[in-house]
Amino acid sequence: MSIEPNLFVRVSSIEKITKQVKKFTLFKETGKGLPRFSGGAHVSTYLKTPSGLVVRQYSLVSPPDDRTKYEIAVRLCEDSKGGSLYWHQGMKVGDRLQISYPKNHFSLSFKARHHVFYAAGIGITPFLSMMQDFSVNGQTFELHYASKSEDNCAFYTYIKKHYPNQSHFYFSDQQQRLQTTSLENHPIGTHVYFCGPEGFIEQFTTKAIELGYPRSSVHSERFSPPKPTVLNTFQVKIHNGATIQVSHTETLLEALHKNGIITSYSCQIGRCGTCELSVLEGEINHYDSFLSDEQKGENNCIIACVSRAKSDKLVIEVK
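Residues numbered from 1 in each chain as written. Predicted model: local features only at pLDDT ≥ 70, side-chain atom pairs only at ≥ 80, totals over all residues. Heavy atoms only, no water.

**Student:** How would you summarise the overall build of the protein if you had to cite specific residues and measurements?
**Tutor:** Helix and strand content of the protein: six helices and 18 strands. In terms of C-alpha radius of gyration, the protein reaches 20 Å, essentially the compact-globule figure of 20 Å for 319 residues. For the protein, the C-alpha atoms occupy an extent of roughly 60 × 50 × 35 Å along the three principal directions. Burial analysis of the protein (319 residues in total) assigns 50% to the buried set. Put simply, of all contacts in the protein between residues at least 6 apart along the chain, 65% involve residues at least 24 apart. (Helix = DSSP H or I, 4+ residues; strand = E, 2+ residues; numbered from the N terminus. Rg over C-alpha atoms; globule rule 2.2 N^0.38 Å. Buried < 20%, exposed > 50% of the residue type's maximum accessible area, 1.4 Å probe, protein only. Contact = heavy atoms within 4.5 Å.)

Below is the structure:
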């Protein structure tokens, strides 16, 4: 894939937020200010590491109306495949890199009467810019933030200082657990937003739907792709073209690119829809959060970065 329209930036500062989280401030190398963004937006970063180009997405945590800089927060993952590890160990002040223009798949709903944010761990990051948006437009919100401990709670001091009346913290080392029962206490017209580990998102989303929240009032943001329940090997025939095998250890997108069939992609977590392909034959196991239930039922398109064949073979169209 050719890199999408991008900006060249440099790292102007690196700040240690917790033992595992660092905040990186980026400024535009040339020209006027950086593009404005809305609360919940993220950028793709393109890292030229010793093992090759690594593309990762990070929420913007700086104020949306500040065009002088972008700030991102990166948690060092124990099983890092090069992204967070490079940010923490390889990135230095003054380093130059490419980033995408801001994109937002987790935007605030203007139909909501009240907004409630549920964050676990590094899932706090998109909510920082959202809360900064609210400080300008005056809408009501509250934050429920779960972390292992106060020391591990990224941006704890900042949040306590700026949003003391709206914020609620839950530290597991103090036997304080964020429970799904809190969803029962919000007024009609509330929109809820979940961000954190996959299990956390699934648990709270399922409970919200069970309680009768309209699906349009339930929002989530993921940092990693969902884990397929079935990791099968299947065959893919390109309409009027080659036939390839997709192993159980790779995605359809990876198999296509490995075989020289280059298609567009961006988020790699099933959220943006950039890698959508038409399906002419075969059944699909959908794992994305982009297609609607109706579109998934039609069984005529697949999000190649996460979804897989349910049948032994798919026939797809690549333009």
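On we go.
**Student:** Residue-level account of the packing of aromatic side chains, with values.
**Tutor:** This model, assessed by the stated rule, comprises 20 aromatic pairs. Arranged with centres 4.7 Å apart and planes meeting at 70°, the rings of Y156 and F169 form a pair that is edge-to-face. Remark: F169 occurs in strand β9 (residues 167-171) and Y156 occurs in helix α3 (residues 156-162); sequence separation between them is 13 residues. On the basis of relative accessibility, which here comes to 16%, the residue Y156 falls in the buried class. Since its relative accessible area comes to 16%, F169 is described here as buried. In this structure an aromatic cluster arises from ring pairing among F106, F117, F127, F134, F141, Y158, Y163 and Y193. (Phe/Tyr/Trp six-rings, centres within 6.5 Å; stacked < 30°, edge-to-face > 60°.)

**Student:** Any details on the nonpolar core? Residues and values, ideally.
**Tutor:** Within the largest apolar cluster, 27 residues are counted, with the highest numbers of intra-cluster contacts made by F117, I124, F127, L143, Y145 and I159. Listed by contribution, the elements that provide at least two residues to this core are β7 (114-120), α2 (125-137), β8 (141-147), α3, β9 and β10 (190-195). Not counting chain neighbours up to four residues away, the residues in contact with F127 comprise F106, F117, Y118, A119, L143, Y193, F194 and C195. Formed by 26 residues, the second largest nonpolar core is a distinct cluster that contains V246, L256, L277 and V279. (Core = buried A, V, L, I, M, F, W, Y, C linked by side-chain atoms within 4.5 Å.)

**Student:** Any chance you could break down the pattern of salt bridges for me, citing the residues and the numbers?
**Tutor:** Evaluation of the coordinates by the stated rule reveals ten salt bridges. Between E15 and K23 there is a salt bridge, with its nearest N and O atoms 3.4 Å apart. Classification of E15 by relative accessible area gives partly exposed; the value is 39%. Using a relative accessible area of 15% as the deciding quantity, one classes K23 as buried. Within the structure, one salt-bridge network assembled from shared partners comprises R10, E29 and R96. (Salt bridge = Lys/Arg side-chain N within 4 Å of Asp/Glu carboxyl O.)

**Student:** Explain the sheet that holds strand β2 (residues 21-28) to me, using residue names and the numbers behind them.
**Tutor:** What the six strands build is an open sheet, ordered β4-β3-β6-β1-β2-β5; its pairing is antiparallel. Either end of the sheet is taken by a strand with one partner, and the two such strands are β4 (52-59) and β5 (70-75). Neighbour-to-neighbour, the strand axes of the sheet open up by a mean angle of 40°, direction not taken into account. Summarising the sheet, β2 and β5 pair through six bridges and their orientation is antiparallel. Counterpart to F24 in the pairing with β5 is I72. (Pairing = 2+ DSSP bridges. Axes fitted to C-alpha atoms, helices over the stretch in contact; angles between N-to-C directions.)

**Student:** Give a description of the sheet that holds β7 that names residues and reports values.
**Tutor:** Taken in spatial order, the five strands line up as β9-β8-β7-β10-β11 in an open sheet, and their pairing is parallel. The sheet is open, and its two edges are formed by β9 and β11 (218-221), each paired on a single side. Neighbour-to-neighbour, the strand axes of the sheet open up by a mean angle of 15°, direction not taken into account. Here six bridges tie β7 to β8, and the two strands are oriented parallel to one another. Residue pairing across strands places F117 opposite L143, the latter belonging to β8. Against the sheet, helix α4 (residues 198-210) engages β7, β10 and β11, with an angle of about 160° to β10.

**Student:** Tell me about α4, and name the residues and values.
**Tutor:** The first and last C-alpha atoms of α4 sit 18 Å apart over 13 residues, in line with the 18 Å expected at 1.5 Å per residue. All of the buried residues along α4 are F200, I201, F204 and A208. Considered in projection along α4, the buried side chains sweep an arc of 95° and stay on one side of the axis. In α4, those exposed residues whose orientation departs by more than 90 degrees from the buried face are G199 and E210. Those residues of α4 that are buried lie in contact with β7, β10 and β11. Just beyond α4, the residue with positive phi is G212, at close to 100°. (Expected span 1.5 Å × (residues − 1). Arc of directions from axis to C-beta.)

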